[in-house]
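Each chain, written out:
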Amino acid sequence: MNTYMQNFTKYLKTKANIAEPDFQLLIKKVEFRNIEKGEILLRPGEVCKHSFFVENGLLRSYTVDDAGKEHIIQFGSENWIVSDRSSAFFNEPSDLFIDAIEDTKVVLISSDFLNEASEISASFRNYNQIALQNHIRHQQKRINLLLSASAERRYMNFIKLYPDLTLRVPQWMIASYLGITPESLSRVRKELAHKNFKPN
């Protein structure tokens, strides 16, 4: 199984500092899946039972408003985890869709896995707590950017957060994530290109 989960193995051993004996116990408790492009992993009204560690590929989470417009909450490329934490923790129906933008390989992480890993390994418990706080910090910053930042600043933050996605994600999806129109995004890109242009 480990040959299919190289990134997840590195995540547990390197970032979460899971010792080899604990790793051998825990790796048996996760599930590996191949997800086709466009496949939906979570729908509104369903309870989120797993977090999805992206071994390879690209996921997104998003909502759809009453007018049918999508609002992208998060992208998840390699080594990212995509989930609806509120739904999973409180066992409540989700408001989110999660689907695959590309053919994607994911590791399914259940709440039971997280609880057991935290009991087995103090290192994992500490790392998971830090990861949770980082998630909260990121969400707070994202809300602040959407409420008060210019389109250019939002886009620059997107590039910093997701440096590998500008060529993998359609412009309308990036615009949706930024809370602006595709036309506004195109204008921002042109203005940035003009600013960075230095004639010989």
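Residues numbered from 1 in each chain as written. Predicted model: local features only at pLDDT ≥ 70, side-chain atom pairs only at ≥ 80, totals over all residues. Heavy atoms only, no water.

## Here we look at the overall build of the protein
Per the secondary structure count, the protein includes eight helices and eight strands. For 200 residues, the compact-globule formula gives about 16 Å, and the C-alpha radius of gyration of the protein, at 18 Å, lands near that figure. Considered along the principal axes of its C-alpha atoms, the protein spans approximately 60 × 45 × 30 Å. Burial status across the protein gives 38% buried among its 200 residues. (Helix = DSSP H or I, 4+ residues; strand = E, 2+ residues; numbered from the N terminus. Rg over C-alpha atoms; globule rule 2.2 N^0.38 Å. Buried < 20%, exposed > 50% of the residue type's maximum accessible area, 1.4 Å probe, protein only.)

## Overview of the sheet that holds strand β7 (residues 97–100)
In space, the four strands of this open sheet follow the order β2-β7-β4-β5, with antiparallel pairing throughout. Each end of this open sheet is capped by a strand with a single partner; those strands are β2 (40–42) and β5 (70–76). This sheet shows a mean twist of 30 degrees between the axes of neighbouring strands, independent of strand direction. Inspection of the sheet shows strand β4 (residues 59–64) paired to β7 by four bridges, in the antiparallel sense. In the sheet register, R60 faces β7, and the bridge partner there is D99. Where helix α7 (residues 171–178) meets the sheet, its contacts fall on β4 and β5, and the angle it forms with β5 comes to roughly 100 degrees. (Pairing = 2+ DSSP bridges. Axes fitted to C-alpha atoms, helices over the stretch in contact; angles between N-to-C directions. Contact = heavy atoms within 4.5 Å.)

## Remarks on the layout of surface pockets
Here the largest pocket is characterised by a volume of approximately 1,400 Å³. Around the largest pocket sit 39 residues that line it, and I81, R85, A131, L132 and H135 are the ones nearest its centre. Sorting the residues of the lining of the largest pocket by element identifies α1 (6–15), β3 (50–56), β5, α3 (85–90), β8 (104–110), α4 (111–120) and α5 (122–148) as the ones contributing at least two each. Looking at which element gives the most residues to the lining of the largest pocket, the answer is α5, with 13 residues. Grouping the amino acids of the lining of the largest pocket by side-chain chemistry returns 15 nonpolar, 17 polar and seven charged. (1 Å grid on protein atoms, 1.4 Å probe; cavity = no way out; pocket = protein on both sides within 12 Å on 5 of 7 lines; lining within 4 Å. Points joined across faces, edges and corners; volume = space filled by probe spheres on them. Nonpolar A, V, L, I, M, F, W, Y, C, P; charged D, E, K, R; others polar.)

## Quick look at the pattern of salt bridges
Within the structure shown, the criterion is met by nine salt bridges. Residue D99 is joined to R60 by a salt bridge in which the shortest nitrogen-to-oxygen separation is 2.9 Å. Separated by 39 residues along the polypeptide, D99 in strand β7 and R60 in strand β4 bring together distant segments of the chain. One network of salt bridges, in which partners are shared, links E78, E102, D164 and R168. (Salt bridge = Lys/Arg side-chain N within 4 Å of Asp/Glu carboxyl O.)

## Remarks on the UniProt feature "domain: Cyclic nucleotide-binding" (unreviewed entry) in the protein
The positions UniProt marks with the feature "domain: Cyclic nucleotide-binding" (unreviewed entry) are residues 14–116. The distance separating the terminal C-alpha atoms of residues 14–116 is 19 Å; by composition the span is 20% helix and 40% strand. (UniProt positions renumbered as here; feature names shortened; annotations may be inferred.)

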